[in-house]
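Architecture at a glance
As a plain string of letters, each chain reads:
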Amino acid sequence: MSLSDESIAPTQTTEQDAKPGFEDTKPVDSSMQDFYQLYQELLVTTLVLTAIVFISVWIAYSLNIALNYLLGACAGVLYLRMLAKDVERLGREKQALSKTRLALLVVLILLASRLTQLHILPIFLGFLTYKATLIIYVVRVAFISDSTKLRQP
């Protein structure tokens, strides 16, 4: 075996040899895995929150109002799914997010304004349930990151 047969792999000897800005980067597969995990968490939280609010509205108001809320919440879940699919394609197939998802809410509100059985406010508030999920997620992450900072010396 001669020296020319061996391959010399570069090694970082000091921290300043590492390229700045790339210390915390993850492979693409890992970041997509994080995205799918976040999407799954948001979806489950939205469904749980929808069930809680649906039962509460049914008890406090009526079944008709609760079903209107549920219709809006289902549209919100569909909107969240469409948004996730759009974000998933971002970078590979698309350069910007499309705005056609908002047509879902517009059609639902127009339908509610035409039919007497549907009420606009419960449908709209049901649609916004996914926003409440996002607020819950942000607050939870903020408290988790604050508590871990407090524990570190």
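Residues numbered from 1 in each chain as written. Predicted model: local features only at pLDDT ≥ 70, side-chain atom pairs only at ≥ 80, totals over all residues. Heavy atoms only, no water.

1. Some words on the side chain of D86
By the element assignment, D86 lies in helix 2 (residues 63-89). Judged by its relative accessible area of 3%, D86 falls in the buried class. Excluding residues within four positions of it along the chain, D86 makes contact with K94, L97, S98 and R101. (Helix = DSSP H or I, 4+ residues; strand = E, 2+ residues; numbered from the N terminus. Buried < 20%, exposed > 50% of the residue type's maximum accessible area, 1.4 Å probe, protein only. Contact = heavy atoms within 4.5 Å.)

2. Looking at the confidence of the model for the protein chain
Looking at the protein chain, the pLDDT average stands at 81 and 76% of residues meet or exceed 70. At the low end of the mean pLDDT range in the protein chain sits helix 5 (residues 129-151), at 84; at the high end sits helix 4 (residues 120-127), at 95. Counting contacts from residues 21-26, a segment whose pLDDT is below 50, to residues more than four positions away or on other chains yields one contact. (pLDDT = per-residue confidence, 0-100.)

3. A short note on helix 2
The end-to-end C-alpha separation of helix 2 is 39 Å, in line with the 39 Å expected for 27 residues at 1.5 Å each. After helix 2 finishes, the residue G91 shows a positive phi value of roughly 100 degrees. (Expected span 1.5 Å × (residues − 1).)

4. Section: the nonpolar core
The biggest cluster of nonpolar side chains holds eleven residues, and these are L42, A75, Y79, L80, L105, L108, A112, L118, I123, F127 and Y130. Those elements giving two or more residues to this core turn out to be helix 2, helix 3 (102-114) and helix 4. Beyond its immediate stretch of four places on either side in the chain, L108 contacts L71, G72, A75 and I123. (Core = buried A, V, L, I, M, F, W, Y, C linked by side-chain atoms within 4.5 Å.)

5. As for the pattern of salt bridges
If you walk through the whole model with that rule in mind, you get two salt bridges. Measuring nitrogen to oxygen at the nearest pair gives 1.9 Å for the salt bridge that ties E41 to R140. One end of the pair, E41, is in helix 1 (residues 28-60); the other, R140, is in helix 5, and 99 residues separate them in sequence. By relative accessible area, E41 is classed as partly exposed at 28%. (Salt bridge = Lys/Arg side-chain N within 4 Å of Asp/Glu carboxyl O.)

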